[in-house]
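A look at the structure
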Amino acid sequence: MSAVLTRPPEAAAAVERPVPGGKAKTGPSGQENGQRPTPAARLGGAARLAGRAGWKSLAVLLFLALWELGPTYLASPSTRVFLPPLHEVIAAGVKLLEAGQLQNHLQASLTRSVSGFSIAVVSAVMLGLLIAWYGWLSSFLNPLLELFRNTATLALLPVFTLLLGIGEESKITIVAYAAFFPVLLNTIAGVRTVDPLLIRAARSLGLNSFRLFQKVILPSAVPTIFTGIRMAGTSSILVLIAAEMVGAKAGLGYLIVNSQMSFLIPDMYAGILTVSILGLAVNVLLVALERHFSRWRTAVGSGN
């Protein structure tokens, strides 16, 4: 004879009885179970985000405040001639914008940098995949690549100028050269650090070489490749500015050096500030692209 355990009616009614006041229990974040966040929770999250953003930008704001107040109250009048306050630099930049000069110089620099950067990324990624996959090709090309990688880019600027002239070809070529090696080396490192277990598992499932590259090698190497791409983006801008300072009739580098030679100091600082903003915008764009192509990492991590 077996005993059957039953729940008393009073206990069942107590379990099903709603919480007094008709309110559901909320978690530590103020969000009701299975429901949308409360207005208080949304307000608290927005306040936390604003606090983090303010803390991250505090150092930049302090630097800008020092730039504005330092030349006026801390530096001598002679020093202020060579280091104008921030508002004078911004006013000079606005005048350049109104005259259309800043847009023309920015367009010239962007055209050169994007062209050279694109050539470098495509060629470096393709060659890096081949070198990392085929050992004989790596041993054959590695001495030559090491020789060129350790040659300073700006040291070859006179060579490019002599061979290609002072036109667009020499500037695009030197940008491509500067951006090539960071992408190449990081592509090789990204492919070689792929987990061998993933490769063996993919081969055991019958994937051919093309599908193996598409489904396993490239997704695993994307974060390392984008590290090189971000480094190449910074290098391409810096090298281009230096090349434009040597021989060019347009571009941000030309604007900076021409303003310095004409003693238009606020215009010079406006060009430098534009270069900084351009570099920051390029880095933000590349980070967004990296997150887009690495969404599978977020999807895998969110299940843990």
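Just so we're clear, the structure is a prediction, and the values are computed from it rather than from any experiment.

By convention here, two paired aromatic rings are described through the distance between centres and the angle between planes. Counting across every chain of the model gives seven aromatic pairs. Seen in terms of ring centroids, phenylalanine 63 and tryptophan 67 are 6.1 Å apart; in terms of plane orientation they differ by 50°. Their pairing is tilted. Residue phenylalanine 63 and its partner tryptophan 67 are both found in helix H3 (residues 58-74); the two are separated by four residues, about one turn of the helix. Their ring planes at 50° and their centres at 6.4 Å tell us that tyrosine 134 and tryptophan 136 sit as a pair that is tilted. Among the residues examined, tyrosine 134 registers a relative accessible area of 38% and is labelled partly exposed. For tryptophan 136, a relative accessible area of 60% puts it in the exposed group.

With phi around 60°, phenylalanine 263 is a residue other than glycine that occupies positive phi space. Mapping phenylalanine 263 onto the fold places it in the loop between helix H12 (252-261) and helix H13 (265-293). Look at phenylalanine 263 and you get partly exposed, because its relative accessible area is 47%.

Another point: the nonpolar core. Among soluble globular proteins, nonpolar side chains are generally buried collectively. Counting residues in each nonpolar core, the largest one holds 43 residues, and the members touching the most others are Phe117, Ile131, Ile174, Val183, Leu184, Ile217 and Ile229. Every element with two or more residues in this core is listed here: helix H6 (101-133), helix H7 (135-149), helix H8 (157-164), helix H9 (168-192), helix H10 (196-204) and helix H11 (209-246). By residue number, the principal contributor to this core is H11, which donates 13 residues. If we skip the residues at most four places from it in the chain, leucine 184 touches Ala124, Leu127, Gly128, Ile131 and Leu145. Ranked by size, the runner-up nonpolar core spans 16 residues in total, among them Leu86, Leu102, Leu252 and Leu278.

Here the focus is the environment of isoleucine 229. Topologically, isoleucine 229 is positioned in helix H11. The spatial distance from the C-alpha of isoleucine 229 to the C-alpha of alanine 179 is 7.9 Å, given a sequence separation of 50 residues.

This next bit is on a positive patch on the surface. Taken together, the side chains of Arg48, Arg52, Lys56 and Arg291 define a basic patch exposed on the protein surface. For the positive patch, the element with the most residues is helix H2 (residues 39-56), which contributes three residues. With respect to the element layout, arginine 52 can be found in helix H2.

Rules used in this analysis
Residues numbered from 1 in each chain as written. Predicted model: local features only at pLDDT ≥ 70, side-chain atom pairs only at ≥ 80, totals over all residues. Heavy atoms only, no water. Phe/Tyr/Trp six-rings, centres within 6.5 Å; stacked < 30°, edge-to-face > 60°. Helix = DSSP H or I, 4+ residues; strand = E, 2+ residues; numbered from the N terminus. Buried < 20%, exposed > 50% of the residue type's maximum accessible area, 1.4 Å probe, protein only. Core = buried A, V, L, I, M, F, W, Y, C linked by side-chain atoms within 4.5 Å. Contact = heavy atoms within 4.5 Å. Patch = residues over 30% accessible without salt bridge, like charges linked within 9 Å, V, L, I, M, F, W, Y side chains within 5 Å. Areas by Shrake-Rupley, 256 points an atom, 1.4 Å probe, with all protein chains shown as cover. Salt bridge = Lys/Arg side-chain N within 4 Å of Asp/Glu carboxyl O. Lys, Arg positive; Asp, Glu negative; His and termini not counted. Charge placed at Lys NZ, Arg CZ, Asp CG, Glu CD.

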